[in-house]
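Chain and residue survey
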Amino acid sequence: MARKTAKKVAKSKISKAKTNAPNFSKEDDLYAYKEMLLIRRFEEKAGQMYGMGLIGGFCHLYIGQEAVVTGIHMASKEGDQSITSYRDHGHMLVVGIDPKGVMAELTGGRDGLSKGKGGSMHMFSKEKHFYGGNGIVGAQVSLGTGLAFANKYRGEDKVALVYFGDGAVNQGQVYESFNMAKLWNLPVVYIIENNRYAMGTSLERGSAQTDLYKRGESFGIQGEQVDGMDIRFVKEAAERAIEHARSGKGPYILEMMTYRYRGHSMSDPAKYRSRDEVSTMRAERDPIEQVKKRILANSFASEDDLKEVEKAVRAVVVEAADFATNSEQPDPSELYTDITILQEQE
Amino acid sequence: MSIEILMPALSPTMEEGNLTKWLVKEGDNVSSGDIIAEIETDKATMEVEAVDEGVIGKILVAEGSEGVKVNAVIAIILEEGEKAGDVATTPPSAPIGTAEPVEQTTSEEVALTPVAFTPASDPDLPSDVEMASITVRQALNEAMSEEMRKDEDIFLMGEEVAQYQGAYKISQGMLDEFGERRVIDTPITEHGFTGIGVGAAFAGLKPIIEFMTFNFAMQAIDQIINSAAKQLYMSGGQVNAPIVFRGANGPASRVGAQHSQDFSSWYAQVPGLIVIAPYSAADAKGLLKAAIRSPNPVVFLENELLYGVEFDVPQVDDFVLPIGKARIAREGADVTIISYSMGMKYATDATEKLVGAGVDVELIDLRTLRPLDMETVLASVKKTGRCVLVEEGWPICSIAAELSAQIMEKAFDYLDAPVMRVAGKDVPMPYAANLEKLALPSVDEVVAAVNAVTYRS
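Residues numbered from 1 in each chain as written. Chains lettered and ligands numbered in written order. Predicted model: local features only at pLDDT ≥ 70, side-chain atom pairs only at ≥ 80, totals over all residues.

**Regarding the overall build of chain A**
For chain A, the helix and strand inventory stands at 12 helices and 7 strands. For a compact globule of 346 residues, the expected C-alpha radius of gyration is about 20 Å, and chain A comes in at 20 Å, within 12% of that figure. By principal-axis analysis of the C-alpha atoms, chain A measures approximately 60 × 55 × 40 Å. Sorting the 346 residues of chain A into buried and exposed places 60% on the buried side. If you take every contact in chain A between residues at least 6 apart in sequence, the share linking residues at least 24 apart comes to 77%. (Helix = DSSP H or I, 4+ residues; strand = E, 2+ residues; numbered from the N terminus. Rg over C-alpha atoms; globule rule 2.2 N^0.38 Å. Buried ≥ 20, exposed ≤ 12 C-beta atoms within 10 Å, placed from the backbone. Contact = placed C-beta atoms within 7 Å.)

Written out as structure tokens, the structure is:
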């Protein structure tokens, strides 16, 4: 059923909302609104700070895709691990990593999550079970499968949530990992964030099989395609997938049909798609606007209440930006630390 | 308060750009995400989005302006209740948040040197310690089994390690003892299972990944270098990868170019890795145990042709050797020969010949290739004044090349002759028996090199 619905989503290129949506409570909607707004405003601020030269190198923004991580997170449990590519800021914020630490890492400050030595693409939090932040396309799929391996090895009730894009899905190690994950029935959910462009290459130009949820079929891995712009569908599908993995049935693939509004990175002019395509998606399918409309229609909150939320979120982001801007560069002595762990010799 | 819109940098290198077009005009309402302008960089034309909401109060840089500096104020956004007239037309001279780096502590104040690494010495063994002659194969097997008995987090994974008992029988009997949960056969899929191993190590397990040979580890080298080696640094010390990558490395016998090569210098170049390449069974055992206990990713390079060779191994309860410590295999005063792994075979045989001919050779087995035990190397070279380096790998950018450079830098005044290298030849490994022999170093080449540096030839 879900699969059939999902297919329709693909055909219409996620440009239309559906009617048979799962129920979302007031709490769900308000939570989703706040979390997604935090990611959106954080990313906008990061983009602005990049523009000011405060953030260097590559900076890949998650704007437009907020419903994916937020919905998945809502369906996960404390202790579940997550790992993703270099488009990772949203994934960190949603699991509760301090926005100040994330932003300070973006500016290369000593107070950043990785002491300023990782940068936008390389941030981790053991405390929040977040394993990066990986710069090599597809590498996180094997690594994430390894997290799931550890869960099973230890008999722990955790699920590894492994995010990758429609570009990574063509890497060889993804299939090596699919094979072993199913062979050993590892507790892993593979979340393909299909934003339709692998940098500048559209899905159709790079993939022989564009229904990416089918990519696990030859290994016997169940998959489904989900409207990744509507957080209700994301959460519902994620609950199903995570339960599947947690109950010992092995891996599960979720193809999230989503869209990134910005270029691949800050320095991508995004000429491979029309401005119309982007603005239509923003106008009709924006994940945050969808929630906002619902909240107002259901009187879960008033316009004024939402303005307060917006204000609070902006305050958090401004605080993070100020913190990051004022975070000093790492002490030069940090150059040679954290390379290997020096052991006390026995 | 009004908000300044600054000329954005749209690439890592952009310093200025052309403001080609405004898509908004004064008085327009904008909100976050609205495209307000187009900017041309040296590479492309990019769109600029508004980050804040409000009314465009003033446009300060007209469209068509060229060479607009990054961070110059290009427009002002008014917040609710503000009027355009409230805003000063002259932008503040110092743009907020410039990209200028914060003044750094000067280099004189901070010594930018790697943290000193002082390896411990080999453990003192009782003088009456019992020795047993065992193969390198057996030593490696004992090392893994002993460690696995003590630590449930350690597991062995690789191709044919379990039911087949190991392609080279290193893991013989381990499936029986530890079960299939801890001795795991993988599909032929190096990139994938290496990544899985590294991921498991991030999660706190201590995987031993066996490569049937290191020739196949090239499939997985991205995970070894980009994921395992760099993780600690990239995470600011948060996440380490306690993992051992082990297997046969170096030239084998008559297997041709793709299965017969030495990767020592490849891995030894990478910060974040520990690289070990033992020769004797005792070193294989003591160092593999240390590798498994290391919180760092360790590349442990074995040699297929040494697997069946027997050496004396001390029979003590827990024989562990220090990582990063070379072994002086023979003390001498005339010349230093330094080698590792199978190179030690040529070096040892040559030493016997040379000592017989009256040359007092000091022979050093590096054992660990990263970190290099330069202390031992330099002390020896300063004593003998002459040095010959022996290895099976290719000569270009090799371990010997590195040693030779460091000896030149740090012991130049002590040298009585140029440092000489005896290495594998700079060719893919040929199949034909005679050519293969020519491609490898030989005892005669080592003797000749020693004769050259001692001016005996």
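**Describing the overall build of chain B**
Scanning chain B from N- to C-terminus turns up 12 helices and 22 strands. For a compact globule of 457 residues, the expected C-alpha radius of gyration is about 23 Å, and chain B comes in at 31 Å, more than 25% above that figure. Principal-axis analysis of the C-alpha atoms places the extent of chain B at approximately 100 × 60 × 45 Å. Residue burial in chain B is summarised as follows: out of 457 residues, 49% are buried. Contacts in chain B between residues far apart in sequence, at least 24 positions, make up 74% of those at least 6 positions apart.

**Some words on the confidence of the model for chain A**
Per-residue pLDDT for chain A averages 93, and the proportion of residues at 70 or more is 94%. Under a pLDDT of 50 for its full length, residues 1-12 of chain A has, in the predicted model, 15 contacts with residues more than four places off or in other chains. (pLDDT = per-residue confidence, 0-100.)

**Some points on the sheet that holds strand S3 (residues 29-30) of chain B**
Residues and elements named next belong to chain B. Pairing within the open sheet is antiparallel, and its 4 strands lie in the order S1-S8-S6-S3. The sheet terminates laterally at strand S1 (3-6) and S3, the two strands that pair on one side only. Bridge analysis of S3 against strand S6 (residues 54-59) gives 2 bridges, and the strand direction is antiparallel. If you follow Asn29 over to S6, its bridge partner there is Val55. (Pairing = 2+ DSSP bridges.)

**Topic: the environment of Met46 of chain B**
Here Met46 of chain B lies in strand S5 (residues 45-49). Under the C-beta neighbour-count criterion, Met46 of chain B is labelled buried, with 24 such atoms within 10 Å. Sequence separation of Met46 of chain B and Ser380 of chain B is 334 residues, and the distance between their C-alpha atoms is 62 Å. When sequence neighbours within four positions are dropped, the list of residues in contact with Met46 of chain B reads Pro269 of chain A together with Leu10, Ile39 and Thr41 of chain B.

**What to know about the interface of chain A and chain B**
Listed as interface residues are 57 residues of chain A and, on the opposing side, 66 residues of chain B. Of all elements in the fold, only helix H2 (26-51), helix H6 (139-154) and helix H7 (172-183) of chain A reach the threshold of two or more residues within the side of chain A that touches chain B. Ranked by residue count, the leading element in the side of chain A that touches chain B is H6 of chain A, at 10 residues. Among the residues forming the side of chain A that touches chain B, the class breakdown is 22 nonpolar, 25 polar and 10 charged. (Nonpolar A, V, L, I, M, F, W, Y, C, P; charged D, E, K, R; others polar.)

**Some details on the packing of helix H3 (residues 190-202) of chain B against helix H4 (residues 221-229) of chain B**
Residues and elements named next belong to chain B. One can describe the packing of H3 onto H4 by two numbers: an axis separation of 9 Å at closest approach and a directional angle of 15°. Considering the angle they form, H3 stands roughly parallel to H4. The element H3 and its partner H4 pack so that their crossing is right-handed. Listed contacts from H4 to His191, Thr194, Gly195 and Val198 of H3 are Gln223, Ile224, Ser227 and Ala228. Considered class by class, the residues forming the contact of H3 with H4 number 3 nonpolar, 5 polar and no charged. (Axes fitted to C-alpha atoms, helices over the stretch in contact; angles between N-to-C directions. Parallel < 35°, antiparallel > 145°, perpendicular 65-115°, else oblique. Left-handed = near helix turned anticlockwise from the far one by under 90°.)

**Examining the domain arrangement of chain B**
Splitting chain B by domain gives domain 1 (3-86), domain 2 (131-314) and domain 3 (327-453). Computed from C-alpha atoms alone, the centre-to-centre distance between domain 1 of chain B and domain 2 of chain B is 56 Å. (Domains from an automatic or database assignment.)

**A look at the sheet that holds strand S12 (residues 206-213) of chain B**
All names here are of chain B. Taken in spatial order, the 7 strands make up an open sheet running S11-S10-S12-S13-S15-S14-S20, and their pairing is mixed. Both edges of this open sheet fall to strand S11 (183-185) and strand S20 (368-370), since each of them pairs with a single strand only. Pairs of neighbouring strands in the sheet enclose a mean axial angle of 20°, with direction left out of account. Here strand S14 (residues 274-276) runs beside S20; their pairing, made up of 2 bridges, is antiparallel. Bridge assignment links Ile276 to a residue of S20, and that residue is Thr368. Contacts from helix H7 (residues 281-293) reach strand S10 (154-158), S12, strand S13 (244-248), S14 and strand S15 (298-302), with the element oriented near 160° to S15.

**Points about the packing of H2 of chain A against helix H12 (residues 303-326) of chain A**
Residues and elements named next belong to chain A. Two numbers describe how H2 lies on H12: the axes approach to 9 Å, and their chain directions differ by 40°. Taken together, H2 and H12 sit at an angle that is classed as oblique. Seen from above, H2 lies across H12 with right-handed handedness. Contacts between H2 and H12 involve Tyr33, Lys34, Leu37, Leu38, Arg41, Phe42, Lys45 and Met49 from the former and Val309, Glu310, Val313, Arg314, Val316, Val317, Ala320 and Ala321 from the latter. Along the lines of polarity and charge, the residues of the contact of H2 with H12 split into 11 nonpolar, no polar and 5 charged.

**Comments concerning helix H10 (residues 399-411) of chain B**
All names here are of chain B. Compared with the 18 Å implied by 1.5 Å per residue over 13 residues, the 17 Å span of H10 between its first and last C-alpha is a close match. Of all the residues in H10, the buried ones are Ile399, Ala400, Leu403 and Ile407. Viewed end-on, H10 has its buried residues packed into an arc of 90°, placing them on one side of the element. Those residues of H10 that are exposed and aimed more than 90 degrees away from the buried face are Ala405, Met408 and Glu409. (Expected span 1.5 Å × (residues − 1). Arc of directions from axis to C-beta.)

**Structural notes on the environment of Ala423 of chain B**
Residues and elements named next belong to chain B. Its location among the elements puts Ala423 in the loop between strand S22 (420-422) and helix H11 (433-439). For Ala423, a count of 22 C-beta atoms within 10 Å translates into the label buried. Residues Ala423 and Glu16, 407 residues apart in the sequence, show an inter-C-alpha distance of 53 Å. When sequence neighbours within four positions are dropped, the list of residues in contact with Ala423 reads Glu391, Gly393, Trp394, Pro395, Ser398, Ala400 and Pro441.

**Comments concerning the confidence of the model for chain B**
Residues and elements named next belong to chain B. Here chain B averages 92 in pLDDT, while 93% of its residues score no lower than 70. In the predicted structure, residues 90-108 sits below a pLDDT of 50 and forms 22 contacts with residues beyond four places in sequence or in another chain. Across the interfaces of the predicted complex, the ipTM metric reaches 0.91, alongside a pTM of 0.91.

**Some remarks on helix H8 (residues 343-356) of chain B**
All names here are of chain B. Between its first and last C-alpha atoms H8 spans 20 Å; for 14 residues at 1.5 Å apiece the expected length is 20 Å, and the two agree. Tucked into the core, H8 has its buried residues touching strand S17 (327-330), strand S18 (335-339), strand S19 (361-365), strand S21 (387-390) and helix H12 (443-453). Gly358 lies just past H8 and shows a positive phi near 95°.

**Topic: the pairing of S5 of chain B**
Residue and element names in this part refer to chain B. The side-chain alternation of S5 yields one buried face, formed by Met46 and Val48, and one unburied face, formed by Thr45, Glu47 and Glu49. Across 5 bridges, strand S4 (residues 35-40) lies against S5 in antiparallel orientation. Looking at the pairing, Ile35 lines up with Glu49 of S5. As consecutive antiparallel partners, S4 and S5 are separated by 4 residues.

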